[in-house]
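Here is how the chains run, residue by residue.
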Amino acid sequence: MHRSDSRSSGGGLRTRRPVAAAIIVAALLGACGGGGSTDEAGKGSADSSAEGSSTEVEMRLIAFKPESLKVPVGTTVKWKMTDAGFHTVTSGVITQESSGVSAQPDGKFDSGRIAQDGSFEYKFDAAGTFKYYCDIHRATMSGEVQVG
Amino acid sequence: MKQRNAKRVATVGVALTLATLTAACGGSSNEGSAPEDTTPVETTVGESTSVADGPDTGAAELRATLTGLLSEHVYLAALATGAALRGDTPGFTAFATALNGPSNSNTSDLVAGITSVYGAEVGKAFDGLWRSEGHIPAVVAYTQAVAKKDTAGATKAVNDLLAYAKTFGTTLNSVNENLPAAAVEEGVKMHATTLKAVIDAQAAKDATLTATTLRAATKHMDDLADAIAGASVKKFPEKF
């Protein structure tokens, strides 16, 4: 980026060049600033609110990825289904028992069965830690959203 | 509790080590052994006259381990369903725990085996799949429905198992392209079908039929073990 530097070469024209440079810089800054995120590596971000991993959880390979997500109050989290078969996003906890796994839903949210390429969204309006699990794959598929 | 898992995985590990070392030491003086000779030959690590068991010993060991575990799966499942049908709650709990408990169980041993080959992420996925509500709980649900003569419940349980078979096939294919999804799905469907026959025979209190169907259900697992072992060796030849 060019700086309005008085040490640039030239005689009488020297006093005008820094001003011109400043104008050019200001124009460039005006063109680049504001609106969505900057285009890095050729990828534009169509929606500045869709920061990818910060508000989304992917259901892939029988797991929630990431398993733990931190978001501010008022955030809508989206779970995206990549796996074959079905998953659920059910609030509550699971308990490992000697002969199996039992689930204790708390009723806050339940997506029902989500098929491949489907999704589920939930808005977290209160602070706290919200645990959830997949009701079909209770043994290993659980996650949490930390809101605050 | 992890000792049983570690022991089984260690058994595979020892076998692989022996295979590698004996192969490195070269063949024996009895090189006239017929190809069909499958008698295991005792070797000592580092012994110059040790016999090379062949390049596929690790693969054979994996296949044998998987066959053993999947056969055990069928036997324990049948023991659990038999206990449930005769109203033996302590027996059912004991067999179900041995089958599907969080540790020191048939399921945990299978998971350990898969993890040792495919790594932790796939091992955990396999664990979640194997313990899916559509698998063993569906078998239990079928058993309970049969006991109560609940046709709708039995049908739902069977449908859950069939859906599980499809998901299982697709998921395994996603982690190992050498395992065709349709073939795995068919293998799991066959497993469900043959185990269902065992449960039906148990419910009918037909001991002869129970024994016959149980043998068939167990024998079928040879094919599934063979497919998984073969595909695993193909994907990770360096591990075998």
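The structure we're discussing is the one just above.
Report on the accompanying structure. Sequence order sets the numbering: in each chain, residues are counted from 1 along the sequence as written. Chains carry letters from A onward and ligands carry numbers from 1 onward, assigned in written order. This being a predicted model, a pLDDT of at least 70 is required before a residue's local features are given, and a value of 80 or more before pairs of side-chain atoms are given or counted; all residues contribute to the totals for chains, interfaces and linings.

**Quick notes on the overall build of chain B**
Where we set the bar: The helix count covers DSSP runs of H or I at least four residues long, the strand count covers runs of E at least two residues long, and both are numbered beginning at the N terminus. Any residue with 12 or fewer other C-beta atoms within 10 Å of its own C-beta is exposed, any with 20 or more is buried, and the rest are partly exposed; the C-beta atoms used are placed from the backbone. Placing C-beta atoms from the backbone, we regard two residues as in contact once those atoms come within 7 Å.
When its secondary structure is counted, chain B shows nine helices and zero strands. Each of the 240 residues in chain B was classed as buried or not, and the buried ones make up 40%. Of the contacts formed within chain B by residues at least 6 apart in sequence, a portion of 63% connects residues at least 24 apart.

**A word on the sheet that holds strand β11 (residues 142-147) of chain A**
All names here are of chain A. Definition in use: At least two DSSP bridges between two strands are required for those strands to pair. Convention adopted: a line fitted to C-alpha atoms gives each axis, helices being fitted over their contacting stretch, and angles between N-to-C directions are expressed from 0 to 180 degrees.
With respect to topology, five strands assemble into an open sheet ordered β3-β11-β10-β6-β7, the strand pairing being mixed. Looking at the sheet topology across the chains shown, the edges are occupied by β3 (68-71) and β7 (100-110). The mean angle between the axes of side-by-side strands here comes to 30 degrees, regardless of whether they run parallel or antiparallel.

**Notes on the packing of helix α2 (residues 57-85) of chain B against helix α9 (residues 207-235) of chain B**
Residues and elements named next belong to chain B. Our working rule: Left-handed describes a crossing whose near helix is turned anticlockwise from the far helix by less than a right angle; the clockwise case is right-handed. Residue type decides the class: Asp, Glu, Lys and Arg count as charged, Ala, Val, Leu, Ile, Met, Phe, Trp, Tyr, Cys and Pro as nonpolar, and the leftover types, Gly among them, as polar.
Running from N to C, α2 and α9 cross one another at 145 degrees; their axes reach a closest spacing of 8 Å. The crossing of α2 and α9 is right-handed. Listed contacts from α9 to Ala-59, Leu-62, Arg-63, Leu-66, Thr-67, Leu-70, Ser-71, Val-74, Tyr-75 and Ala-78 of α2 are Leu-214, Ala-217, Thr-218, Met-221, Asp-222, Leu-224, Ala-225, Asp-226, Ile-228, Ala-229, Ser-232 and Val-233. Taken together, the residues that form the contact of α2 with α9 break down as 15 nonpolar, four polar and three charged.

**A closer look at the interface of chain A and chain B**
Contact residues are listed per partner, giving 16 residues for chain A and 20 residues for chain B. For the side of chain A that touches chain B, a count of residues per class yields eight nonpolar, seven polar and one charged.

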